[in-house]
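For reference, the chains in residue letters:
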Amino acid sequence: MDEAIEVLAELASSSPSPALSPDSWHTASLSVSLVLDQGAPLVLEQRRIVADRDGLTSLDLAVSLPAGRRDVSATVLYGGRLVDRGMEASDRWGFALALPRPLTRGESWESSVLFRLSSPSALHPHMVCVPRQPCESFDLRVRFDGQPEVRVLEGAFQRDVSDPAYRGRPHAVDPSGEIHLRFQRLTPGLAYGARWVTDQVQGTGDRG
């Protein structure tokens, strides 16, 4: 999953401003469900965006992966066509969602993408959103294989996500092995989500 770090404190207390969105769209809602108890991890992403200009035809997105790895496949369930942009960096896979028609300013659009990972070790032991554009809400569900120690990251610097010295807020895992987190008015460039520690390291990625 790639996206959320720190910048523009005013966004934390006000509605997202279209002028701050270089891609001419912002996220109204992002919902991510991660399943880690089925062998190969699955990530279901559902997103609703709002166009900030006329003629919006695609959404540029990315996922962070361990350096040198590309053990993930993506299937668009609805809302457009996937365009593979390849590895934009040693640890970041870029892709775009080509929309079936241009959107007008203020128009919303919904999409869903299913990501399949080759194994639990294919990605980092965290799932965070580091938005490039303003994001009004982020809903995260994770189903673990066991009862790991979980820490919540909310408005953390991106480098803190993998820094063991940055503890975050502890969060209990329910008897079903699940957590459910909600974040509002995310600040572009800051990280929101969860990090965990298990006896057998499992992983996820960064969304955006």
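Everything discussed here concerns the structure shown above.
Residues take numbers from 1 onward in each chain, read along the sequence in its written order. For a predicted model such as this one, the threshold for reporting local features is a pLDDT of at least 70, and the threshold for listing and counting side-chain atom pairs is 80 or more; totals across whole chains, interfaces and linings nevertheless cover every residue. The side-chain values count all of the structure's non-hydrogen atoms but skip hydrogen atoms and water molecules.

Examining the sheet that holds strand β7 (residues 108–117)
So, point 1. For two strands to be treated as a pair, DSSP must find no fewer than two bridges joining them. Elements are defined by DSSP. Helices are runs of H or I of four residues or more, strands are runs of E of two residues or more, and each kind is numbered from the N terminus. Within the open sheet, the six strands sit side by side as β4-β7-β2-β1-β9-β12. Their pairing is mixed. At either margin of the open sheet sits one strand with a lone partner, and together these are β4 (72–78) and β12 (178–186). Within the sheet, the average angular offset between the axes of one strand and its neighbour, ignoring direction, is 15°.
So, point 2. Where strand β2 (residues 42–51) lies against β7, nine bridges are found, and the strand directions are antiparallel. Across the sheet, valine 50 pairs through a bridge with serine 108, a residue of β7. For helices, the fitted axis covers only the stretch in contact; all axes are lines through C-alpha atoms, and the angles between them, taken along N-to-C directions, range from 0 to 180 degrees.

Some remarks on the nonpolar core
So, point 1. Counting 40 residues, the largest nonpolar core has Leu56, Phe115, Phe138, Leu140, Phe144, Ile179 and Trp196 as the members making the most contacts within it.
So, point 2. With five residues, the top contributor of residues to this core is strand β6 (residues 92–103).
So, point 3. The nonpolar core is taken to be a set of buried Ala, Val, Leu, Ile, Met, Phe, Trp, Tyr and Cys residues, with the residues joined through side-chain atoms within 4.5 Å. The classification of residues rests on relative accessible area computed with a 1.4 Å probe and restricted to protein chains. Under 20% of the type maximum is buried, over 50% is exposed, and intermediate values are partly exposed. Counting residues in each nonpolar core, the second largest holds six residues, with Val128, Val130, Leu153 and Val161 among its members.

Focus on the environment of alanine 28
So, point 1. Note that alanine 28 resides in strand β1 (residues 25–35).
So, point 2. Measuring from C-alpha to C-alpha, the distance between alanine 28 and arginine 185 comes to 9.4 Å, with 157 residues separating the pair along the chain.
So, point 3. Apart from residues lying up to four places away in sequence, alanine 28 is in contact with Arg48, Ile49, Val50, Glu136 and Ser137. Residues are treated as being in contact if the distance between any of their heavy atoms lies within 4.5 Å.

Notes on the state of the cysteines
So, point 1. Any cysteine sulfur atom paired with another within 2.5 Å is treated as part of a disulfide. Counted by the stated rule, this structure contains zero disulfides.
So, point 2. The thiol sulfur of cysteine 129 is not disulfide-bonded, and the nearest other cysteine sulfur, from cysteine 135, lies at 5.0 Å.
So, point 3. Assessed through its relative accessible area of 1%, cysteine 129 is described here as buried.

A few points about the pattern of salt bridges
So, point 1. The rule for a salt bridge is simple: a side-chain nitrogen of Lys or Arg has to be within 4 Å of a carboxyl oxygen of Asp or Glu. According to the stated counting rule, one finds nine salt bridges in the structure shown.
So, point 2. With a shortest N-O distance of 3.2 Å, arginine 47 and glutamate 45 are connected by a salt bridge.
So, point 3. Residue arginine 47 is classed as buried on the basis of its relative accessible area of 3%.
So, point 4. With a closest N to O distance of 2.5 Å, arginine 101 and glutamate 107 form a salt bridge.
So, point 5. When its relative accessible area of 39% is taken as the criterion, arginine 101 is described as partly exposed.

Some details on the side chain of arginine 195
So, point 1. Tracing the backbone shows arginine 195 in strand β13 (residues 191–197).
So, point 2. Summary of buried charges: arginine 195 has no salt-bridge partner, and the nearest side chain of opposite charge, aspartate 163, is 6.4 Å away.
So, point 3. A distance of 3.0 Å separates a polar atom in the side chain of arginine 195 from the backbone oxygen of aspartate 163. His is not counted, nor are the chain ends, whereas Lys and Arg count as positive and Asp and Glu as negative. As used in this structure description, the phrase polar contact means that two N or O atoms lie within 3.5 Å; if the pair is within protein, one of them must be able to donate a hydrogen and the other to accept it, and residues adjacent in sequence are counted only when both atoms belong to side chains.

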